[in-house]
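Spelled out, the chains give:
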Amino acid sequence: MPKTTDFKYRRILLKLSGEALMGGASYGIDPTVIKRIAAEIGELNQGGAEIAIVIGAGNIFRGAGLAAAGMDRVTADHMGMLATVMNSLALQDSLEQLGMYARVMSAIVIHEVCEDYIRRRAVRHLEKGRVVIFAGGTGNPFFTTDSAASLRAIEIGADLFIKATKVDGIYSADPKRDKNAKRYDRLSYDEVIERKLGIMDTTAIVLCRENRMPLRVLDMMQPGALMRAAQGFNEGTFVTL
């Protein structure tokens, strides 16, 4: 196992998309995929890194999509927040089956299944070696889970914000549609905004920029990608000032 001194970044906020939990399915959670993700997180945790996680809900549904179909946007976003709680509980269970201690903390009050989000308590959990999973987004409609992840990374004083996707970094265009798309090794926050690269919403990018939060975008499906990023290797695309 790596020692704490092997990590360039000791406290990490990991943003997982809900789609990452689907694997090859079109909906829901693939048990094999979530167990593999939990194992990679566990490797970092057991090595001494402090790991906090934010999970999206795209594997269940998107509030914005429901709103576009005619549902009240606030109602749709609240449903999306509840979906993130479901994903968070699933990941908590996978982590605990591997012998780790994990806590789900929700921005919306749901005492029966998880804790309320309290920043000082979250930091204390991390200091005690527990994996903390932040659910419920920011607790407010109209904000994405990317914005929630940026906010939580700043609040807990993370050393690095990792956004895990299905591609190995940020590209000039969708690499699945454009074979000439260029992958960037390094970008500034201003370049991400000006080029409209769309890796996260603008609110999330601005939050990181204003608070000097380094961001690394990588492919979570690549074995060992998370470990390499924590150790400071050039995995995916690095975004900073």
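Only a predicted model underlies this, so the values are computations on that prediction, with no experimental measurement involved.

For the coordinates displayed, the defined rule picks out 16 salt bridges. E115 is the partner of R103 in a salt bridge, and the nearest nitrogen-oxygen pair spans 3.7 Å. Of this pair, R103 sits in strand 3 (residues 102-106) while E115 sits in strand 4 (residues 115-116), and the two are twelve residues apart along the sequence. Residue classification places R103 among the partly exposed positions, given a relative accessible area of 23%. Linked by salt bridges that have partners in common, R10, R11 and E50 make up one network.

On to unusual backbone geometry. Look at F142: it is not a glycine, yet its phi comes out positive at around 75 degrees. Tracing the backbone through its elements, the reader meets F142 in the loop between strand 5 (131-135) and helix 5 (145-155). The phi dihedral of R212 is positive, around 55 degrees, even though this residue is not glycine. As for its placement among the helices and strands, R212 is situated in the loop between helix 7 (202-210) and strand 10 (215-219). With a relative accessible area of 63%, R212 lands in the exposed category.

Sheet architecture is open: nine strands sit in the order 4-3-5-2-1-6-10-11-9, paired in mixed fashion. The strands lining the two open edges of the sheet, one partner per strand, are strand 4 and strand 9 (186-188). Bridging between strand 6 (residues 160-165) and strand 10 involves five bridges; their strand directions are parallel. Bridge pairing in strand 10 links K163 to V217. Against the sheet, helix 1 (residues 31-46) touches strand 1 (11-16), strand 2 (50-55) and strand 5, its axis set at about 150 degrees to strand 2.

Direction vectors running N to C along helix 5 and helix 7 enclose 15 degrees, while the axes themselves pass 8 Å from each other. Between helix 5 and helix 7, the interaxial angle falls into the category roughly parallel. The element helix 5 and its partner helix 7 pack so that their crossing is left-handed. Counted together, D146, S147, S150, L151 and I154 of helix 5 and T203, A204, L207 and C208 of helix 7 form the full contact between these two elements.

So, on to the nonpolar core. Among the nonpolar cores identified, the biggest contains 37 residues, and L16, I41, I53, L91 and L95 are the most heavily contacted of them. For this core, the secondary structure elements donating two or more residues are strand 1, helix 1, strand 2, helix 3 (73-97), strand 3, strand 5, strand 6 and helix 8 (225-230). Ranked by residue count, the leading element in this core is helix 1, at six residues. Filtering out sequence-adjacent residues up to four positions away, I53 remains in contact with L13, L14, L16, I41, L91, V131, V132, I133 and F134. Ranked by size, the runner-up nonpolar core spans 30 residues in total, among them I156, F161, Y189 and V192.

About the cut-offs
- Residues numbered from 1 in each chain as written.
- Predicted model: local features only at pLDDT ≥ 70, side-chain atom pairs only at ≥ 80, totals over all residues.
- Heavy atoms only, no water.
- Salt bridge = Lys/Arg side-chain N within 4 Å of Asp/Glu carboxyl O.
- Helix = DSSP H or I, 4+ residues; strand = E, 2+ residues; numbered from the N terminus.
- Buried < 20%, exposed > 50% of the residue type's maximum accessible area, 1.4 Å probe, protein only.
- Pairing = 2+ DSSP bridges.
- Contact = heavy atoms within 4.5 Å.
- Axes fitted to C-alpha atoms, helices over the stretch in contact; angles between N-to-C directions.
- Parallel < 35°, antiparallel > 145°, perpendicular 65-115°, else oblique.
- Left-handed = near helix turned anticlockwise from the far one by under 90°.
- Core = buried A, V, L, I, M, F, W, Y, C linked by side-chain atoms within 4.5 Å.

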